[in-house]
Amino acid sequence: MSEILVKNAQTVLTMNDAGQELSGVDIRVKDGKIAEIGRGLESSGAVIEASECVVTPGLVNTHHHLYQTLTRAVPGGQDALLFGWLKTLYPIWARFGPEEMYVSAQIGLAELALSGCSMSSDHLYLYPGGASLDDTIHAAHEVGLRFHPTRGAMSIGESDGGLPPDSLVEKEAAILEDCIRVIDRFHDAREGAMVRVGVAPCSPFSVSRELMRDAALLARDKGVMLHTHLAENDEDIAYSEAQFGCRPGQYAEDLGWTGDDVWHAHCVKLDAQEIDLFSKSGTGVAHCPCSNCRLGSGIAPVRQMRDAGVKVGLGVDGSASNDAGLLIDEARQAMLLQRVSRGADAMSAREALWIATRGGAEVLGRPDCGQITVGKRADLALWDVSGIEAAGSWDKAAILLAGPRRVRHLLVEGRPVVRDFQIATFDLSEAIVKQNRLALRLAETI
Ligand SMILES: [Zn+2]
């Protein structure tokens, strides 16, 4: 594989164990890994001039529903609370098929890439019209991002007292069978893997207790991770107490849903006992600040989680509840939200960026990613700080306070995915035209 040399970086925020920040160094990338860091390095490969750039590890997105990029800003859902919002969107999602899944994933992943994200998970929990997890995996391959798709599921439809229409739920035996199929076909446990599959029932209120338990058993048998939504808002807690007679943390623990191979999205309403449980068990959290604001869910206790040693990463959440998919904005929002609730010293710009990079890699079980260290994977985001956003900044590395929202270059596994602010791997303009055409078609049929 060819080499790339990132030359003369203005600042490198390594996110390594020592928290080093380096100035004026080069980074030599070879065979998908960081081969060398130092001054005056030589390389036979392409050279990327980085003297105007702050270099960070690629950002890591720990929670998304890529298919929702096709239902952004739907009028009926714009101002609804979570459950009402879901009821507005379910009938639209029921009209999706493989093409909708593929194109929306392309768009969502490209949007992430432009905002500095090199690795993303996805939570796909509905499979209408012959759609499959395969559709999103093919899209990720084309875009070039490192991808952790999770095989989500819903099994309790309206006729059984659930929220989703019956047409969007599946039989539990078929769900488990398809989990096995996609793990066997796509999951790569090796270091440097570009695809790792997880198992992810949509939420404790959309599948049975038995499926939650069986999903955990299956994931452990296969050596893959577990993911779901947990403790998102007050309604969620009330539902758990009424239906299960306990809080969400207790429910998760009882069914095998805690451990360092588990991460939960949102966790806005975790109490002190649950934070302690997550800390002791190594359970991870996908914090989705913009989605929490957008749906009025509340402010997740991220400061308390971090102080207690809980692993926290960031997620853009589905594009329909954000409605953007820009991960760098989530990092800024995470910083601001903690300050709203706890004061200006509650979270620094550098800590929020650490959560967005190294924190996310830890949540997804990827010690090979998330830091700029020799031997780690070459996932690098280059932020050009010579533009207007950072003009006048006294600390160019504080990009979450004053800095660009779009990367100049993004390398994933040593390959350019964004080059000079543009997607380098596929025809994004064509995909945008397709996406808008599909959205229009969906709008005409409701
Ligand atoms: Zn979500």
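Just so it is clear, the model here is predicted, and its values are computed rather than measured.

Calculation notes
Residues numbered from 1 in each chain as written. Predicted model: local features only at pLDDT ≥ 70, side-chain atom pairs only at ≥ 80, totals over all residues. Heavy atoms only, no water. Core = buried A, V, L, I, M, F, W, Y, C linked by side-chain atoms within 4.5 Å. Buried < 20%, exposed > 50% of the residue type's maximum accessible area, 1.4 Å probe, protein only. Helix = DSSP H or I, 4+ residues; strand = E, 2+ residues; numbered from the N terminus. Contact = heavy atoms within 4.5 Å. Donors = N, O, S within 2.8 Å, 3.2 Å for Na, K, Ca; no water. Tetrahedral: all angles 85-135°; square planar, octahedral: opposite > 155°, others 65-115°. Pairing = 2+ DSSP bridges. Right-handed = clockwise from strand over helix to strand, strands pointing away. Salt bridge = Lys/Arg side-chain N within 4 Å of Asp/Glu carboxyl O. 1 Å grid on protein atoms, 1.4 Å probe; cavity = no way out; pocket = protein on both sides within 12 Å on 5 of 7 lines; lining within 4 Å. Points joined across faces, edges and corners; volume = space filled by probe spheres on them. Nonpolar A, V, L, I, M, F, W, Y, C, P; charged D, E, K, R; others polar. Axes fitted to C-alpha atoms, helices over the stretch in contact; angles between N-to-C directions. Parallel < 35°, antiparallel > 145°, perpendicular 65-115°, else oblique. Left-handed = near helix turned anticlockwise from the far one by under 90°. Expected span 1.5 Å × (residues − 1). Arc of directions from axis to C-beta.

1. Observations regarding the nonpolar core
Then, in step 1: Core analysis: the biggest nonpolar cluster contains 118 residues, and Trp85, Trp93, Leu145, Trp257 and Leu410 have the highest contact counts within it.
Then, in step 2: With nine residues, helix 2 (residues 98-114) is the largest single contributor of residues to this core.
Then, in step 3: If we skip the residues at most four places from it in the chain, Leu410 touches Ala113, Gly116, Cys117, Ser118, Leu145, Leu380, Ala381, Arg415, Pro416, Val417 and Val418.
Then, in step 4: By size, the runner-up hydrophobic cluster in this structure holds 17 residues, among which are Val12, Val29, Leu382 and Leu411.

2. Examining the coordination of the zinc ion
Then, in step 1: The zinc ion binds to the protein through His63 (NE2), His65 (NE2), His229 (NE2) and Asp317 (OD); the donor distances cover 2.1 to 2.3 Å.
Then, in step 2: Taken together, the four donor atoms coordinating the zinc ion and their angles of 88 to 172° define a geometry best described as irregular.

3. As for the pairing of strand 7 (residues 117-124)
Then, in step 1: Counting buried positions along strand 7 yields eight of eight residues, so the element is predominantly enclosed.
Then, in step 2: Sheet topology note: the strand 6 (residues 59-61)/strand 7 ladder contains three bridges and is parallel. Bridging from a neighbouring strand, Val60 pairs with Met119 of strand 7.
Then, in step 3: Relative to strand 8 (residues 146-153), strand 7 runs parallel, the two sharing six bridges. Along strand 8, the bridge assignment pairs Asp122 with Pro149.
Then, in step 4: Once the chain exits strand 7 it traverses helix 3 (residues 133-143) before rejoining the sheet at strand 8, and the crossover so formed is right-handed.

4. Re the pattern of salt bridges
Then, in step 1: One pass over the full model with this rule turns up 35 salt bridges.
Then, in step 2: We note a salt bridge from Glu413 to Arg146, for which the minimum N-O separation is 2.7 Å. With a gap of 267 residues between them, Glu413 in the loop between strand 15 (409-412) and strand 16 (415-419) and Arg146 in strand 8 connect regions that are remote in the sequence.
Then, in step 3: Judged by relative accessible area, which is 9%, Glu413 ranks as buried.
Then, in step 4: Look at Arg146 and you get buried, because its relative accessible area is 0%.
Then, in step 5: Arg358 is the partner of Glu362 in a salt bridge, and the nearest nitrogen-oxygen pair spans 3.8 Å. Of this pair, Glu362 and Arg358 both sit in helix 12 (residues 349-363), separated by four residues, roughly a single helical turn.
Then, in step 6: By relative accessible area, which is 33% here, Glu362 ends up partly exposed.
Then, in step 7: Because the salt bridges share partners, they merge into one network encompassing Asp134, Arg151, Glu170, Asp178, Arg181 and Arg185.

5. Observations regarding empty space enclosed by the protein
Then, in step 1: The full count for this structure, using the stated rule, is four cavities of 30 Å³ or more.
Then, in step 2: Of the voids in this model, the largest cavity is the one considered here, and its volume is about 170 Å³.
Then, in step 3: Contributing to the lining of the largest cavity are 18 residues, with Leu82, Trp85, Leu86, His229 and Glu232 lying nearest its centre.
Then, in step 4: If one sorts the elements of the lining of the largest cavity by residue count, helix 1 (residues 82-93) sits on top with four residues.
Then, in step 5: Split by residue class, the lining of the largest cavity holds eight nonpolar, seven polar and three charged.

6. Side note on the packing of helix 3 against helix 4 (residues 172-186)
Then, in step 1: Two numbers describe how helix 3 lies on helix 4: the axes approach to 11 Å, and their chain directions differ by 25°. With respect to helix 4, the element helix 3 is oriented roughly parallel. Handedness of the helix 3/helix 4 crossing: right-handed. For the pair helix 3 and helix 4, the contacting residues are Leu133, Asp134, Ile137 and His138 in the first and Arg181, Val182, Arg185 and Phe186 in the second.

7. Regarding helix 13 (residues 428-445)
Note that an α-helix has 3.6 residues per turn; residues three or four places apart therefore point the same way.
Then, in step 1: With 18 residues, helix 13 ought to run about 26 Å at 1.5 Å a step, and its terminal C-alpha atoms sit 26 Å apart, in line with that.
Then, in step 2: What helix 13 keeps buried is the set Leu428, Ala431, Gln435, Leu438 and Leu442. When helix 13 is viewed along its axis, its buried side chains cluster within an angular range of 85° and face the same direction. Exposed residues pointing more than 90 degrees away from the buried face of helix 13 are listed as Ser429, Val433, Leu440 and Glu444.
Then, in step 3: On its buried face, helix 13 sits against helix 1, helix 2 and strand 17 (422-423).

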